[in-house]
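Understanding the architecture of this molecule
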Amino acid sequence: MKLTVWTYEGPPHVGAMRVATAMKGLHYVLHAPQGDTYADLLFTMIERRDHRPPVTYTTFEGRDLGEDTAGIFKVTCQEAYDRFKPQAMIVGASCTAELIQDDPGGLAETMQIPVPVIPLELPSYQRKENFGSDETFYQIVRALAAPMDRTPDVTVNILGPLALGFRHRDDIEEIKGLLYEMGIGVNVVAPFDAAPMDITNLGAAHANILMYPEHAESAARHLERTCGQPYTKTIPIGVAATHEFVSEVAQMCGVEPKKDLSRLRQPWWSKSVDSTYLTGKRVFLFGDATHVQAAARIARDEMGFEVVGIGCYNREFARPIRALARDFGVEALITDDYLDVEKAIEDAAPEMILGTQMERHIGKRLGIPCAVISAPVHVQDFPARYSPQMGWEGANVIFDTWIHPLVMGLEEHLLAMFREDFEFHDEAGPSHHGGHAPKPSDAGGPAPQTPRHISGTKMDEPRSDEGSAPTGADVMVWLADAEKELKKIPFFVRGKARRNTERFAADQGLQEISLDTLYEAKAHFAR
Amino acid sequence: MNTPTPVPSGTCRDAPILKERGQREVFCGLTGIIWLHRKMQDAFFLVVGSRTCAHLLQSAAGVMIFAEPRFGTAILEETDLAGMADAHEELDREVARLLSRRPDIKQLFLVGSCPSEVIKLDLARAAERLTQVHAPHVRVLNYSGSGIETTFTQGEDACLASMVPVLPATDQRELLLVGALPDVVEDQAVSLLTQMGIGPIRVLPAPRTAETPGIGPNTVFACLQPFLGDTAAALTRRGARMIQAPFPFGEEGTTLWLRAIADEFGVDEDTFERVTAAPRARARKAIANASEALRGKSIFFMPDSQLEIPLARFLTRECGMEAIEIGQPYIHKGLVGPDLDLIPAGPTISEGQDVDKQLDRVRAARPDLTVCGLGLANPLEAEGLTTKWAIELVFTPVHFYEQAGDLAGLFSRPVRRRALLKLEAAE
Ligand code: SF4
C-alpha cells in the first residue's frame, strides 16, 4: 500500500485506451465499473477529440457481483460488436474486474464474433499506463501482422504515436518530411489513425521508425524478430539528434542522407547576441525518459544551459537515465512520487524547470518558470497551431517554448537598469506575460473552487485587482459587509466583480457600496 | 405568490419512469471528495483503492491546486492482494505516517472503492480501530465512494450519512441545513433565514470539526441538494424531522424552500415578504436577463449530477424551456417529489442509463441544449448539438436568489455562443 496524491501515469487500461482511441476501426470492451468511464474525458476534454473513445464499459454494479458479471461482459461485448462493427476488438479488465477474475479474453473466445478479438492482460496492481500502451500495441501487432513481401520502393513504418501524446500529431508530419527528403516512402503510421487492416500490412516495410520507445518498443522488437525489420534507436528531438537520425535512417535504408536545412532557424537564434543571457541558466529536467534524454542534450549543447537535475518517472528506463545523469555529473531522480520531485527541485533551486504538467504546478508554487517537455500534459499543451518537437521545425519550436517563460535578453538589461522603478522591479516577470512571478498558493480559501479545465477560467490569473484599480476606488466607499462578501468571491473573478460593482454604483450616483449594491450590480450584469 | 402553485393533475410525479440498465457514463462517488475536502477544512479523505481511483480524482479535479491537498489514495498493491502483507497493518502504517505529517487533520475519512470492496477490506473495523489509536485528536470515519455502490454526487450523501451516527445529541430546537455548498451561498441562506428570526441554524458538514452540529428529536432539517437521501434517512433515524420543499434553484425554488422553513418556524407573511422581496426582485430580473436566449428552446438531460429534476423545474418554469427527457442516475421521490409536482407531464423521465440508446434518442430529438458529462460534450458538439457539462453545476455557486441569474447563465452561454460564432464560411 502506498499513499499517492498526484500520479504521472494512470492505470494500464488507460494506456490501452490511448492506443484504441488513436486507431480507427478498433473497439475496446472493458470490464469495469461505471466510475472508470471518467477516462473518456481525458480524450474528449484534454485532447479535444470530437469522437467518444471507442470503448464500451460493462459498468457492473455491486449487486451483480454475486451473480453473473461474466454474463454482463458477454452481452456487452456482443452489443458493442453489433453496434460498431469494428475490424477487430480488444478486450480486457480494469483493476476491479481483474479481482473478479472473469477472464474477458476467455469469454470472448467462446462467442461467435466474426473479427479478431485480442485479449489483453494488463496487471493493474503492478504496472502503469505506459506499460499498458506498449503491451496493447504489441498484442495488436502480434495478432495481426505477419511477414509478407516488401514494397518494391523503400518504405518504412512509423511506430509509436498515439492519443493524448505530447505533440504526437505534429511529430508525425516532421518525420514524414525528413523521410520524404531522402526519398523514403511511408508504409503505415501506427497506432495513430491506423485501422486493424493497416496493421496487417506492417510487414511490407523495409524498416521501422520507432518514435516513442515507451509506447512501441515491444512492437518494434517483435517486428524485428518476425519480419526482419530493423528499427531506429535515435529520437530526432534537437538539432544534433535530428542529424544523427537522418544518418541512421539513411544507412538502414541504403539511401543518401539528404536533408533540407532551409527551415532550421534554431542554431542562429541560439548564437545571436540576445541569447547570451541564456548562458549557464540552471535547469532541472523531469519527465518521461525519451523526452528527458533529448532535452538534456539540447539544454547543454544547443542552448548553453547548465543542467542541475535529471530524472524520469518511468522506471522501465531507469538505467539509461542513470547513465545520462552520470554523464552530466548529477544524480538521477527515478521516482513517480510528486513530492520527491518537488523536494529535489526545491533543493536544486534551478532558474527554470523543463518538466510535465506536474512540474508546471511545482514551478507555480516555488515561483520558478517552467516549460513543458513531456507527458502528462494538459489542455493547453494541445495547441491548435502546428507545434512539433521532432525534426528541424521541432528544434525551432523548442527554442521558442523554452525561452518563453524567461525574461528576454534585452529586457533583462532594462530590468537591471530600472531596478527601483515600480514597473520594472525584480518580481515583475517577463513583460510578454500578463502575469507576475506566481506567489505560493494559500492553503484555505473559499470552497469549493472551480478547477481550471472545468470552468475554462484561468486559475493563475494575476491578482491585479488588489490595490491597483483606480476606477472609482478613490471616491467609492465599500461598506464592511460588502467588502467581506467581495472577499468570498473566488480571486480570479473578484477583480471583475469589483469593477462592475463600482461602475454600477457610479452609474447610480452612489458613493457607498453596500451588500445590496453588490448584488444589485450582479443582477444588473447577469447574462 | 408565496405558496406553491401545484398543477392539479398530470405532473411528472405520476409520469411513468423509463428505467434503463446498460452502460452508464457517470463518475463514481469518489468524485465528491473534490468539493468535500474544500468544505471541511480540517478533514482528510483517504481513498483505499487502486491507481484508477487516484487517476479519477486527479482527472476530475482537473488541476492541482495544492501540492498536498487534503485527499489522497492508498493504492493497493500486489502484496496487499496476495495476502502477503496484512492490508490492515499497512493501512495503520500509512495513516500514522499521514497524521504525523499533517497535525492539522482532525477528521479522517477512509473512503472505500471498488477494489477495497471486492476484496472485502473492512474499513468500518479499520475506522473504529484507528479512532481508538488516534483519539481524541483525530476522529476516523468511513464510507463508500465506490463505483459499484455509488454514482457521482452520491459520494457526498455517503460521506454525510457516515457522520450522522457520531453527531452529539441535543434537545435544542434547531434548524439544520444539510449539504456542502460554497461559503458564499451558505452565508446567504443563513442570512435570509436569520433575518426572518429563525435560529439557531447549524450546517452539516461543518467547516471545522469543532463546529459539529448536534442532533435530536427537536431538530428539523432541510436538504440543500437533491442527492442526500441516505443522509436524510440517517438524520430521521436520530429523531430529526425533514422539511420537504422544492430545491432552492431559481427565484421560485428558493422562495418555496424558504417558505417551507418559514412555515415550520411560524414566520408571518409580512416578515417573509420584507426579507425576501428585494432579493426576489433581483433574482427575477437577473433570470429575465440571462434566460433570454433560452426561451422556447428544448433541453435534454443525460443522467449525471442528480440535480436534473430540480434544474428541469427551474429551466421549464422560470426560463421558458421545454424539457424533452429528464434523466437521473436514480430517482428518490422523497426528495425530488415536490419538484416533480411542479413539472407538467410531458417530458420522458428516465432513471439509470444505457448510454448508446440514450444518445440515439438525443440524435433523434435534436434538442437545442443537451446537459451531459464531460466525456460526451465534445462528441455531441461535433455532431452539431449544443451542450452544457453537468459537472460545472456542482462546482459553481448556483443556489438561492443571488445566483439564480448565474444558474440561467450557465445554460444560456453555450446557446448564445452557438448563435455568435460565424465559422462555417471559414471551414
Ligand atoms: S469506479 Fe471504482 S475503481 Fe473506478 S475510480 Fe471509482 S472507485 Fe475506483
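Given the structure is predicted, the values throughout are model-derived calculations rather than measurements.

The next subject is the overall build of chain B. Each helix and strand in chain B was counted, giving 17 helices and 14 strands. For 427 residues, the compact-globule estimate of 2.2 N^0.38 gives 22 Å, and chain B sits close to it at 22 Å. Out of the 427 residues in chain B, the part that is buried amounts to 66%. Relative to all contacts within chain B whose residues are 6 or more apart in sequence, the contacts with residues 24 or more apart total 75%. Here chain B displays about 14,400 Å² of accessible surface, and carbon together with sulfur accounts for 53% of that area. Taking the 44 positively charged and 55 negatively charged side chains of chain B as two groups, their mean positions are separated by 2 Å.

Below, the discussion takes up the interface of chain A and chain B. On the side of chain B, 92 residues touch chain A, which itself brings 82 residues to the contact. Approximately 7,800 Å² of surface area, both sides summed, lies buried where chain A meets chain B, with 58% of it carried by carbon and sulfur atoms. Broken down residue by residue, the surface that chain A buries against chain B is led by Met1(A), Trp6(A) and Gln34(A), which jointly contribute 13%. Along the contact surface separating chain A from chain B lie nine salt bridges. Here Arg21(B) and Glu61(A) are joined by a salt bridge, their closest N and O atoms 3.8 Å apart. On the surface where chain A and chain B come into contact, there are 29 residue pairs in polar contact (both at pLDDT 80 or more). When grouped by side-chain class, the residues that make up the side of chain A that touches chain B number 32 nonpolar, 25 polar and 25 charged. Of the strand pairs in this sheet, strand 1 (residues 2-4) of chain A and strand 3 (residues 71-75) of chain B are connected by three bridges, and their pairing is antiparallel. Paired with Thr4(A) across the bridge in strand 3 of chain B is Thr73(B).

Our next topic: helix 2 (residues 51-61) of chain B. Residues and elements named next belong to chain B. Where burial is concerned, most of helix 2 is hidden: 11 out of the 11 residues are buried. All of the buried residues along helix 2 are Arg51, Thr52, Cys53, Ala54, His55, Leu56, Leu57, Gln58, Ser59, Ala60 and Ala61. The N-capping residue of helix 2, defined by a side-chain oxygen 3.2 Å from the backbone nitrogen of Thr52, is Ser50.

Residues and elements named next belong to chain A. Of all seven residues making up strand 10 (residues 306-312), six are buried, and the element is well covered by its neighbours. Strand direction decides the pairing type here: strand 9 (residues 282-287) and strand 10, joined by six bridges, are parallel. In the sheet register, Gly287 faces strand 10, and the bridge partner there is Cys312. A crossover links strand 9 with its parallel partner strand 10, the connecting element being helix 12 (residues 289-302), and its sense is right-handed. Each parallel crossover has a hand, and for strand 10 linked through helix 13 (residues 318-328) to strand 11 (residues 332-334) it is right-handed.

Below, the discussion takes up the pattern of salt bridges. On inspection of all chains with the given rule, the structure shows 56 salt bridges over all chains. Between Lys128(A) and Asp336(A) there is a salt bridge, and its shortest N-O distance comes to 2.6 Å. One end of the pair, Lys128(A), is in the loop between strand 5 (117-119) and helix 6 (129-144); the other, Asp336(A), is in the loop between strand 11 and helix 14 (338-348), and 208 residues separate them in sequence. Its relative accessible area of 14% is what places Lys128(A) among the buried residues. Taking relative accessible area as the criterion, Asp336(A) reaches 17% and is therefore assigned buried. If you follow the salt bridges from partner to partner, you end up with Glu61(A), Arg63(A), Asp64(A), Arg21(B) and Arg24(B) in one network.

This part covers the site of the ligand. Near the ligand lie 13 residues; those nearest to it are Gly35(A), Asp36(A), Cys28(B), Cys53(B) and Cys114(B). Close to the ligand, residues of chains A and B are found. Looking at the shell around the ligand, the elements that each hand over two or more residues are helix 2 and helix 5 (114-118) of chain B. Classifying every residue of the shell around the ligand gives seven nonpolar, five polar and one charged.

Here chain A shows a mean pLDDT of 88. Residues at 70 or above account for 86%. In this model residues 435-473 of chain A is a low-confidence stretch, pLDDT under 50, and it forms 86 contacts with partners more than four residues away in sequence or in other chains.

Right, let's get into the nonpolar core. Grouped together as the largest cluster of nonpolar side chains are 182 residues, with contacts concentrated most on Tyr28(A), Ile199(A), Phe45(B), Phe109(B), Leu175(B), Trp257(B) and Phe411(B). Element by element, the count of residues in this core is highest for helix 17 (residues 401-420) of chain B, at seven residues. Ignoring any residue separated from it by four or fewer positions in sequence, one finds Phe411(B) in contact with Leu294(B), Ile299(B), Leu311(B), Leu315(B), Leu369(B), Val371(B), Lys388(B) and Leu393(B). Within the second largest apolar cluster, 60 residues are counted, among which are Ile209(A), Val239(A), Val283(A) and Ile403(A).

Attention now goes to the packing of helix 12 of chain A against helix 13 of chain A. Residue and element names in this part refer to chain A. One can describe the packing of helix 12 onto helix 13 by two numbers: an axis separation of 10 Å at closest approach and a directional angle of 15°. Relative to helix 13, helix 12 is oriented roughly parallel. Relative to helix 13, helix 12 is oriented so that their crossing is left-handed. Only Pro320, Ile321, Leu324, Asp327 and Phe328 of helix 13 make contact with helix 12, whose side of the interface consists of Ala289, Val292, Gln293, Ala296, Arg297 and Arg300. Each residue belonging to the contact of helix 12 with helix 13 can be placed in one class, and the counts come to seven nonpolar, one polar and three charged.

This brings us to the side chain of His88(B). With respect to the helices and strands, His88(B) occurs in helix 4 (residues 87-101). For His88(B), the residues in contact, after removing those within four places along its chain, are Leu121(B), Asp122(B), Arg125(B), Ala126(B) and Arg129(B).

Time to look at the sheet that holds strand 6 (residues 174-178) of chain B. Residues and elements named next belong to chain B. Spatial ordering of the open sheet is given by 7-6-8-9, a layout of four strands whose pairing is parallel. Both outer strands of the open sheet, strand 7 (201-204) and strand 9 (241-242), are each paired with one neighbouring strand and no more. Sheet topology places strand 8 (residues 219-223) next to strand 9; two bridges connect them, and they run parallel. Paired with Phe221 across the bridge in strand 9 is Met242.

Across chain B, the average pLDDT comes to 93, with 96% of residues at 70 or higher. The ipTM value of the predicted complex is 0.93, and its pTM value is 0.88.

All right, on to the layout of surface pockets then. Reported here for the second largest pocket is a volume of approximately 660 Å³. Every residue lining the second largest pocket is counted, 29 residues in all, and those nearest its centre are His51(A), Arg52(A), Pro53(A), Pro54(A) and Phe84(A). Elements with a contribution of two residues or more to the lining of the second largest pocket: helix 1 (12-22), strand 2 (26-31), strand 3 (55-57) and helix 3 (69-84) of chain A together with helix 14 (355-365) and helix 15 (374-382) of chain B. Per-element accounting of the lining of the second largest pocket gives the leading share, four residues, to helix 15 of chain B. Considering only residue class, the lining of the second largest pocket consists of 14 nonpolar, six polar and nine charged.

The next point concerns the sheet that holds strand 11 of chain A. All names here are of chain A. Strands sit in the order 11-10-9-12-13 across an open sheet of five strands; the sheet is parallel. The sheet is open, and its two edges are formed by strand 11 and strand 13 (370-372), each paired on a single side. Taken pair by pair, the neighbouring strands of this sheet meet at an average axis angle of 20°, ignoring direction. Strands in contact with helix 14 are strand 9, strand 10, strand 11 and strand 12 (352-355); relative to strand 9, the strand with the most contacts, it is inclined by about 170°.

With that settled, the discussion passes to the pairing of strand 2 of chain A. Residue and element names in this part refer to chain A. Judged by how many residues are buried, strand 2 sits mostly within the fold: six of six residues are covered. Side-chain alternation along strand 2 places Leu26, Tyr28 and Leu30 on one buried face and His27, Val29 and His31 on a second face that is also buried. Sheet topology places strand 2 next to strand 4 (residues 88-93); six bridges connect them, and they run parallel. Each residue of the ladder has a partner; that of Val29, found in strand 4, is Val91. Direction of pairing for strand 2 relative to strand 3: parallel, over a ladder of three bridges.

Let's shift gears to the side chain of Arg52(A). Following the sequence through the fold, Arg52(A) ends up in the loop between helix 2 (40-46) and strand 3. Polar side-chain contacts of Arg52(A) include one of 3.0 Å to the side chain of Asp356(B). The residues contacting Arg52(A), other than those within four sequence positions of it, are Gln23(B), Glu25(B), Val355(B), Asp356(B), Leu359(B), Gly375(B), Leu376(B) and Pro379(B).

Rules used in this analysis
Residues numbered from 1 in each chain as written. Chains lettered and ligands numbered in written order. Predicted model: local features only at pLDDT ≥ 70, side-chain atom pairs only at ≥ 80, totals over all residues. Heavy atoms only, no water. Helix = DSSP H or I, 4+ residues; strand = E, 2+ residues; numbered from the N terminus. Rg over C-alpha atoms; globule rule 2.2 N^0.38 Å. Buried < 20%, exposed > 50% of the residue type's maximum accessible area, 1.4 Å probe, protein only. Contact = heavy atoms within 4.5 Å. Areas by Shrake-Rupley, 256 points an atom, 1.4 Å probe, with all protein chains shown as cover. Lys, Arg positive; Asp, Glu negative; His and termini not counted. Charge placed at Lys NZ, Arg CZ, Asp CG, Glu CD. Buried area = accessible area lost by both parts, 1.4 Å probe. Salt bridge = Lys/Arg side-chain N within 4 Å of Asp/Glu carboxyl O. Polar contact = N/O pair within 3.5 Å; in protein donor to acceptor, adjacent residues only side chain to side chain. Nonpolar A, V, L, I, M, F, W, Y, C, P; charged D, E, K, R; others polar. Pairing = 2+ DSSP bridges. Right-handed = clockwise from strand over helix to strand, strands pointing away. Near = heavy atom within 4 Å. pLDDT = per-residue confidence, 0-100. Core = buried A, V, L, I, M, F, W, Y, C linked by side-chain atoms within 4.5 Å. Axes fitted to C-alpha atoms, helices over the stretch in contact; angles between N-to-C directions. Parallel < 35°, antiparallel > 145°, perpendicular 65-115°, else oblique. Left-handed = near helix turned anticlockwise from the far one by under 90°. 1 Å grid on protein atoms, 1.4 Å probe; cavity = no way out; pocket = protein on both sides within 12 Å on 5 of 7 lines; lining within 4 Å. Points joined across faces, edges and corners; volume = space filled by probe spheres on them.

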